[in-house]
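These are the residues of each chain, in order.
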Amino acid sequence: MYHYYQVVGQFVNTKTGEFLTKSPDPSAGLYIRSRKGELLKVSLPADNEKVHAGNTLLFQIGESSQIHTGGILQATPHAVRGPDAANVSRESYAVFMQPSWNEPMNVPSGVDPKEAQSGQAAEQLPERVPTLGSRYGNKNCPFTTCNYAAFTSESLKAYH
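Residues numbered from 1 in each chain as written. Predicted model: local features only at pLDDT ≥ 70, side-chain atom pairs only at ≥ 80, totals over all residues. Heavy atoms only, no water.

Asker: Provide a residue-level description of the state of the cysteines, including the pertinent values.
Answerer: Evaluation of the coordinates by the stated rule reveals one disulfide. Here C141 connects covalently by a disulfide to C146, the sulfurs 1.8 Å from one another. Disulfide C141 to C146: torsion about the S-S bond roughly -75°, handedness left-handed. (Disulfide = S-S within 2.5 Å.)

Asker: Just give me the short version of the pattern of salt bridges, but keep the residues and values in it.
Answerer: Two side chains bearing opposite charge may form a pair once their charged atoms approach each other closely. One pass over the full model with this rule turns up three salt bridges. Between D25 and R81 there is a salt bridge; the shortest N-O distance is 3.8 Å. Of the two residues, D25 is situated in the loop between β2 (8–13) and β3 (29–33) and R81 in strand β5 (residues 78–81); the sequence distance between them amounts to 56 residues. For D25, a relative accessible area of 8% translates into the label buried. By relative accessible area, which is 36% here, R81 ends up partly exposed. In this structure, the salt-bridge partner of E63 is R135, at a minimum N-O distance of 2.5 Å. Of the two residues, E63 is situated in helix α1 (residues 63–68) and R135 in the loop between α2 (119–123) and α3 (148–159); the sequence distance between them amounts to 72 residues. Looking at R135, the relative accessible area reads 1%, which means it is buried. (Salt bridge = Lys/Arg side-chain N within 4 Å of Asp/Glu carboxyl O. Helix = DSSP H or I, 4+ residues; strand = E, 2+ residues; numbered from the N terminus. Buried < 20%, exposed > 50% of the residue type's maximum accessible area, 1.4 Å probe, protein only.)

Asker: Break down the packing of aromatic side chains for me, with residues and values.
Answerer: Applying the stated criterion across every chain yields a total of three aromatic pairs. Seen from their ring centres, Y136 and F143 are 5.0 Å apart, and the 70° between their planes marks the pair as edge-to-face. Judged by relative accessible area, which is 3%, Y136 ranks as buried. Taken together, the aromatic side chains of Y136, F143 and F151 make up a single cluster linked through ring pairs. (Phe/Tyr/Trp six-rings, centres within 6.5 Å; stacked < 30°, edge-to-face > 60°.)

In structure tokens form, the structure reads like this:
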């Protein structure tokens, strides 16, 4: 069973509490690392009659989906850059989809769990980001018995 949470980004004047209609810093926002190692800024399409921020949905795939699909889907390394502007903050309300704590972290039948993270994706991770293989399939989170709670524990230890 998966649980759902949402992400919405908004810029706010910290003195007045006013919501800004756009970012005062065009370089602020969501960035992803491509499979080729490129750092790309993610932007919603420009508003027009057919496509606009109000009817556009973005997905960022995480490692749980990566494991459960046997690597067909690969997690997207990402980061949010705040605005370089006085008295402005970027606020967001995050919504995540994650397995229940006791959900087994198994790849599909017939898939080698070591293949859950492609070599190309692992090579493009920033230095501070631990590979999936360092946290999944180890002593504390073995391929055969690891559940989401154990995987989360290993991930938190690796990052903090």
